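# Structure assessment
One-letter residues, chain by chain:
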Amino acid sequence: KERAQNGELCFGTIDSWLTWKLTGGKHHVTDVTNAARTLLCNINTLEWDEELLNAFDIPACILPTIEPSIDGDFGTISSSSSDANMGGCDALANTRIGAILGDQHAATFGQACFSPGEVKVTFGTGSFLLMNTGTAPKISTHGLLTTPFYQRKGEDAVYALEGAVAVAGS
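In this report, the structure presented in the accompanying data block is examined. Every value quoted in this text rests on a predicted model; they were computed, and no experiment measured them. Residue numbering note: each chain is counted from 1, following its sequence as written. Note on the predicted model: pLDDT of at least 70 is required for a residue's local features to be given, and 80 or more for side-chain atom pairs to be given and counted; whole-chain, interface and lining totals, by contrast, use all residues. Neither water nor hydrogens contribute to the side-chain values; these are computed over all heavy atoms in the structure.

The helix and strand tally for the chain stands at 5 helices and 8 strands. Starting at the N terminus and walking to the C terminus, you meet the elements of the chain as α-α-β-α-β-β-α-β-α-β-β-β-β. It is over C-alpha atoms that the radius of gyration is taken, and the globule rule equals 2.2 Å times the number of residues to the power 0.38. Relative to the 2.2 N^0.38 estimate, which gives 15 Å for 170 residues, the radius of gyration of the chain is 17 Å and therefore close to what a compact globule would have. Principal-axis analysis of the C-alpha atoms places the extent of the chain at approximately 50 × 40 × 40 Å. Each helix is a run of DSSP H or I of at least 4 residues and each strand a run of E of at least 2, with the numbering of both proceeding from the N terminus.

A pair of strands is labelled paired if DSSP reports no fewer than 2 bridges between them. Judged by pairing direction, the sheet is antiparallel, and its 4 strands sit side by side in the order β5-β6-β8-β7 without closing on themselves. Strands with a single pairing partner mark the edges of an open sheet, and in this sheet they are β5 (119–123) and β7 (145–150). With direction set aside, neighbouring strand axes in the sheet form an average angle of 30 degrees. Two strands pair when backbone bridges link them, and β5 and strand β6 (residues 127–134) are joined in this way by 5 bridges, in the antiparallel orientation. By the bridge assignment, phenylalanine 123 is partnered in β6 with serine 127. Residue contacts follow a heavy-atom distance rule, with two residues in contact if any of their heavy atoms lie within 4.5 Å. Axes here refer to lines fitted to C-alpha atoms; in helices the fit is confined to the stretch in contact. Angles between the N-to-C directions go from 0 to 180 degrees. Sheet strands touched by helix α5 (residues 103–110): β5, β6, β7 and β8 (158–165). Its angle to β7, the strand with the most contacts, is close to 60 degrees.

Throughout, exposure labels follow a simple rule: accessible area from a 1.4 Å probe, protein chains only, divided by the maximum for the residue type, with under 20% read as buried, over 50% as exposed, and the rest as partly exposed. The buried count for β8 comes to 6 of 8 residues, which makes it a mostly enclosed element. Looking at chain direction, β6 and β8 are connected through 7 bridges and run antiparallel. Residue pairing in the sheet places leucine 129 in a bridge with glycine 163 of β8. With 5 bridges connecting them, β7 and β8 associate as antiparallel partners. Considered in β8, the bridge of proline 148 is made with tyrosine 159.

Okay, structure coming up:
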């Protein structure tokens, strides 16, 4: 815990680790969709929930900064030679990281479900349904998960309802 308080540790999701590595350790960030998946993010404020962090004794300083999914401050890819042992990518050096979205959120965005009521269904190993519900979170009375769908910088977040079947095609 002392190392966390001293800023020597980071904790996050796969996107925050990839961004950390690609930016040579300069950006410890995530977007609203991935932050929500930790269940430590208040989906109404799109910030880390202090009550939950306190309940689980998680220091907020180890968590990534939550950014809007599109045009958030995710940094620029470093060259591998300029950031020894930290990552980077020479072929993409100096390329701005413009967006981060969670898996099903990105698939729904890619299918252009931009209006409330539009739905994407994915069938694979698992099966997932996401329905755009607009800019206010809707609480399901049928066991669906309320989640941020995406957020553009400077705009309200767009929310979705999600249904998931973990094993559908395997």
